Amino acid sequence: MSQFSKEDITAIDTIRVLAADVVFKSNSGHPGAPMGLAAVAEVLWTRFLNCNPKDSHWFNRDRFVLSNGCALQYILLHLLGYKLSMQDLKDFRQVDSLTPGHPEYHHTDGIEVTTGPLGQGLSNAVGLAIAEAHLKATYNKEGFPLIDNYTYVFTGDGCLMEGVASEAASIAGHQQLGNLIVIYDDNHISIDGDTNVAFTEDVTKRFEAYGWQVLSVNDGNTNLDGIYNAIAEAQKEKSKPTIIKLTTIIGYGSLQQGTHGVHGSPLKKDDIAQLKKALGWNPDETFAVPSVTYDVFGLVGKRGAEKQAQWETLLAEYGKKYPTEYAELTRRIKGELPAGWEQKLPVYKVGDAAIASRKLSENVLSAIHDTLPELFGGSADLTGSNLTRVKNAVDFQPPSTKLGTYAGRYFRYGVREHAMGAIMNGLAAYGGIVPFGGTFLNFVSYASGAVRLSALSGHQVIWVATHDSIGLGEDGPTHQPVETAAALRATPNLAFWRPADGNETSAAYLVALQSKRTPTVLALSRQNLPQLENSTIEHAVKGGYVLHDIADGKEDLSIVSTGSEVPIVLEAVSVLEKEGLKVRVISLPCWEVFDAQPKDYRLSVFRSGAPVLSVEAYSTIGWERYSHEQFGLKAWGASGPYQKVYEKFGLTGPGIAERSKKVVEFYKKKGGEVVSPLLKALDD
């Protein structure tokens, strides 16, 4: 006999009808997926998923990711009792609502990660599962299973077509993540129509090759017992992630069911009316929820609250027996850093050895690794180049491989930059972990979809992006990121740092680790950089400061620069001063952080009275914000020894000095007041 009752059927019907009503009212959205996934959603949430709607941040809750983001998750959150009202559902896709077009982390109560860009959610879920496995291995003790949650994912054909999902699924299989259960909505429909026009591979065989357990359920719109049994079977598999191929009919109950017509457009009014009639509902009533449906989902919250109370009791007992581990775990759950950790940051003085900033980054990681156990990092197959693995680090690997343990903190992403970025978003979203990942700056572009969602979501993710310019030399234009900085700097809520020496590198890490809601990209050099006079951590944490000043305050020119070009600018200043010119030098390692400083401070750095010239071995796009004139790269780089490449583009002391004199002469001939480039009419 089935364990499912008529109340369950009513709850499923409620999801379908609400999906139709929500999307119809907004005149925008995707009704087909929630109508097709209503049955599995009801089974998963009412029978398996542990959560407490009254405390959406309970740490050991199960995580749910709707990778093919749509209105379904909002409907479920409302029915479960999260902070999402019926009016919020009616405001779907309206300005400033709690129900934007796709689910957004930190915006709507109960949303674990931002989804909508296909493939990202599934890849984030791999990060969530890795985080659970790591914290479980680190803190659980016999009799104290503090961390033991599952990560559940709904995904579809579109997600599985995306390359990032394939990268992440491959990693999940290798890592034997038995805590990850993915339900694949196999409805054979995408926006262009039947998937037979573009997607005919055997998904089950692909995932078997990745090392996943593969299960199948037919009649996914009505086969509740089959769905239940498959999820229960998935939970039994502890050494493999599971994907359940669930055959459904998109838009189930609609006149257009099974077609792409119900994928991304609202149902017609008469279609919604016939749907409601067929289910025995009043066709004239909208946004109706039978009390029995609230009762069904209310039991989920009651169960979750009881489980949370049991967990909190267990945590308190754990604290008595393991006070050190308890203190560390609870600190990490709160997102707090240990007191005084910043004292571990390396400090440099003039005369210390010239060191590549990628090596300076390694020095920071080595200095703080033991103090900050939440640091969990790796590289996309460039460990020896990125210098991201500290001495004596242990790899995160399945114990059965004998390559490491799940308690290990160094992650081998392989050549999968995009998955690395998306997985880091999941690691950050889980909590208790600050992830970092290494690659060449040029290849951060491979992961731009994930980087963008880091910034939108406010994930504290750190990219260790080495080989940051034409300074990488012989690898040439294919590897030299001429345009990458402009794209990253244009991304809201993303801190792009390009430190010029050791103290600026330490400052970049200090700010990155204190910025709980902002991701960071550290652009680091391959070539050695000298330690600069007047560079301090205290100066650099402001994002920009005057590195070399003029005593009388009457400069002829200010030059602003970043990273490896700063010492070259100082060479140019030596040339210019011998010719009687007074030149200030501004180091601006991070625009995002500098722009957040008080206006008076910013204007003291970029003051009126003399022109400002920017110098950087990138495209000059964006520098108009801080300078009157710009000197950089107008095209791609070149292959050769890095000193020769810099010479080719005039980025040398004499080359910069020559252009500086032209700027000074131009503005003297022009006459009139030279005001700060920061003074704008629309300075808001």
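Residues numbered from 1 in each chain as written. Predicted model: local features only at pLDDT ≥ 70, side-chain atom pairs only at ≥ 80, totals over all residues. Heavy atoms only, no water.

Let us now look at the overall build of the chain. Looking only at helices and strands, one finds 24 helices and 20 strands in the chain. Taking 2.2 N^0.38 as the reference for a compact globule, 684 residues should give roughly 26 Å; the C-alpha atoms of the chain span a radius of gyration of 28 Å, in line with that estimate. Every one of the 684 residues in the chain was classed for burial, and the buried ones make up 60%. Long-range pairs, those at least 24 residues apart, make up 78% of the contacts in the chain with a sequence separation of at least 6. Of the roughly 26400 Å² that the chain leaves accessible, carbon and sulfur atoms contribute 51%. (Helix = DSSP H or I, 4+ residues; strand = E, 2+ residues; numbered from the N terminus. Rg over C-alpha atoms; globule rule 2.2 N^0.38 Å. Buried < 20%, exposed > 50% of the residue type's maximum accessible area, 1.4 Å probe, protein only. Contact = heavy atoms within 4.5 Å. Areas by Shrake-Rupley, 256 points an atom, 1.4 Å probe, with all protein chains shown as cover.)

Turning our attention to the sheet that holds strand 7 (residues 242–247). Strand order across the open sheet formed by 5 strands is 1-2-3-7-6, with parallel pairing between neighbours. On the outer flanks of this sheet lie strand 1 (63–66) and strand 6 (213–217), each paired with one strand and no other. In this sheet, adjacent strand axes meet at a mean angle of 20° when their direction is disregarded. Examined bridge by bridge, strand 6 and strand 7 share 5 bridges and lie parallel to one another. Residue pairing in the sheet places Leu215 in a bridge with Ile244 of strand 7. Relative to the sheet, helix 2 (residues 32–47) contacts strand 1, strand 2 (151–156), strand 3 (180–186) and strand 7, its axis offset from that of strand 2 by approximately 180°. (Pairing = 2+ DSSP bridges. Axes fitted to C-alpha atoms, helices over the stretch in contact; angles between N-to-C directions.)

Here Asn392, not a glycine, exhibits a phi torsion of approximately 70°, which is positive. Taking the relative accessible area as the measure of exposure, Asn392 reaches 68% and is therefore exposed. In this structure, His467 is a non-glycine residue whose phi angle is positive, near 55°. For His467, the location among the structural elements is in the loop between strand 12 (462–466) and helix 17 (484–489).

Quick look at the side chain of Thr46 now. Here Thr46 is to be found in helix 2. In this structure Thr46 comes out as buried when scored by relative accessible area, which is 9%. Of note is the side chain of Thr46, whose polar atom sits 2.6 Å from the backbone oxygen of Glu42. Within the structure, Thr46 has its side chain in polar contact with the side chain of Arg47 (distance 2.8 Å). (Polar contact = N/O pair within 3.5 Å; in protein donor to acceptor, adjacent residues only side chain to side chain.)

A few words now on the pattern of salt bridges. Applying the stated criterion to the full structure yields 30 salt bridges. Across the pair Lys661 and Glu579 runs a salt bridge whose closest N-O atoms are separated by 3.2 Å. Taken as a pair, Lys661 in helix 24 (residues 653–670) and Glu579 in the loop between helix 20 (565–578) and strand 18 (583–587) lie far apart in primary sequence, 82 residues in all. Overall, the relative accessible area of 32% leaves Lys661 in the partly exposed class. Between Glu658 and Lys662 there is a salt bridge, with its nearest N and O atoms 4.0 Å apart. (Salt bridge = Lys/Arg side-chain N within 4 Å of Asp/Glu carboxyl O.)

Turning our eyes to something else, we now look at the packing of helix 5 (residues 120–139) against helix 12 (residues 323–334). At a closest axis distance of 11 Å, the pairing of helix 5 and helix 12 adopts a crossing angle of 160°. Taken together, the axes of helix 5 and helix 12 are roughly antiparallel relative to one another. Contact with helix 5, carried on its side by His134, Leu135 and Tyr139, involves Glu325, Glu328, Leu329 and Arg332 of helix 12 and no other residues of that element. Considered class by class, the residues forming the contact of helix 5 with helix 12 number 3 nonpolar, 1 polar and 3 charged. (Parallel < 35°, antiparallel > 145°, perpendicular 65-115°, else oblique. Nonpolar A, V, L, I, M, F, W, Y, C, P; charged D, E, K, R; others polar.)

Moving on: the packing of aromatic side chains. With the rule as written, the count across this model stands at 29 aromatic pairs. Between the aromatic rings of Trp58 and Trp311, the centroid separation amounts to 6.5 Å while the plane-to-plane angle is 70°, which identifies the pairing as edge-to-face. On the criterion of sequence distance, the pair formed by Trp58 in the loop between helix 2 and strand 1 and Trp311 in helix 11 (residues 291–321) is long-range, its members being 253 residues apart. When its relative accessible area of 9% is taken as the criterion, Trp311 is described as buried. A centroid spacing of 4.9 Å and a plane angle of 75° characterise the contact between Trp591 and Trp623, whose relative ring orientation is edge-to-face. Residue Trp591 is located in helix 21 (residues 591–595), and its partner Trp623 is located in the loop between strand 19 (612–619) and strand 20 (629–633); the two are separated by 32 residues in the primary sequence. Each of the two residues, Trp591 as well as Trp623, counts as buried. Taken together, the ring pairs connect Trp591, Phe594, Tyr601, Phe606, Trp623 and Tyr626 into an aromatic cluster. The cationic tip of Arg63 hangs over the ring face of Tyr430; the distance from NZ or CZ to the ring centre is 3.9 Å. (Phe/Tyr/Trp six-rings, centres within 6.5 Å; stacked < 30°, edge-to-face > 60°. Lys NZ or Arg CZ within 6 Å of the ring centre and 35° of its normal.)

Generally speaking, nonpolar side chains in soluble globular proteins are found buried as a group. One finds Phe606 and Leu651 to be the most contacted residues of the largest nonpolar core, which totals 75 residues. The greatest single-element share of this core, amounting to 7 residues, is contributed by helix 18 (residues 502–514). When neighbours within four sequence positions are excluded, Phe606 is seen to be in contact with Val560, Ile586, Leu588, Phe594, Val612, Tyr626, Ser676, Pro677 and Leu678. Core analysis: the next-biggest nonpolar cluster, separate from the first, contains 69 residues, Ala133, Trp311, Met424 and Val444 among them. (Core = buried A, V, L, I, M, F, W, Y, C linked by side-chain atoms within 4.5 Å.)

The next point concerns the packing of helix 7 (residues 163–174) against helix 15 (residues 417–430). It is the contact of helix 7 with helix 15, at a shortest axis distance of 8 Å, that shows an interaxial angle of 75°. Comparing the axis directions of helix 7 and helix 15 gives the class roughly perpendicular. Here Val164, Glu167, Ala168 and Ile171 of helix 7 come into contact with helix 15, specifically with Glu417, His418, Ala419, Ala422 and Ile423. In terms of residue class, the contact of helix 7 with helix 15 is built from 6 nonpolar, 1 polar and 2 charged.

This next bit is on the environment of Gly101. Among the secondary structure elements, Gly101 is positioned in the loop between helix 4 (86–90) and helix 5. Between the C-alpha atom of Gly101 and that of His30, which follows or precedes it by 71 residues, the distance is 9.5 Å. Once you skip the residues sitting within four places of it in the chain, Gly101 turns out to touch Phe92 and Arg93.

Next up on the list: helix 7. Taking 1.5 Å of rise per residue, the 12 residues of helix 7 would be expected to cover 16 Å, and the 17 Å separating its terminal C-alpha atoms lies within 8% of that figure. Counting buried positions over the 12 residues of helix 7 gives 9, a clear majority of the element. Those residues of helix 7 not exposed but buried are Val164, Ala165, Ser166, Ala168, Ala169, Ser170, Ile171, Ala172 and Gly173. On its buried face, helix 7 sits against helix 5, helix 6 (157–161), strand 3, helix 8 (203–210), strand 10 (410–412) and helix 15. (Expected span 1.5 Å × (residues − 1).)

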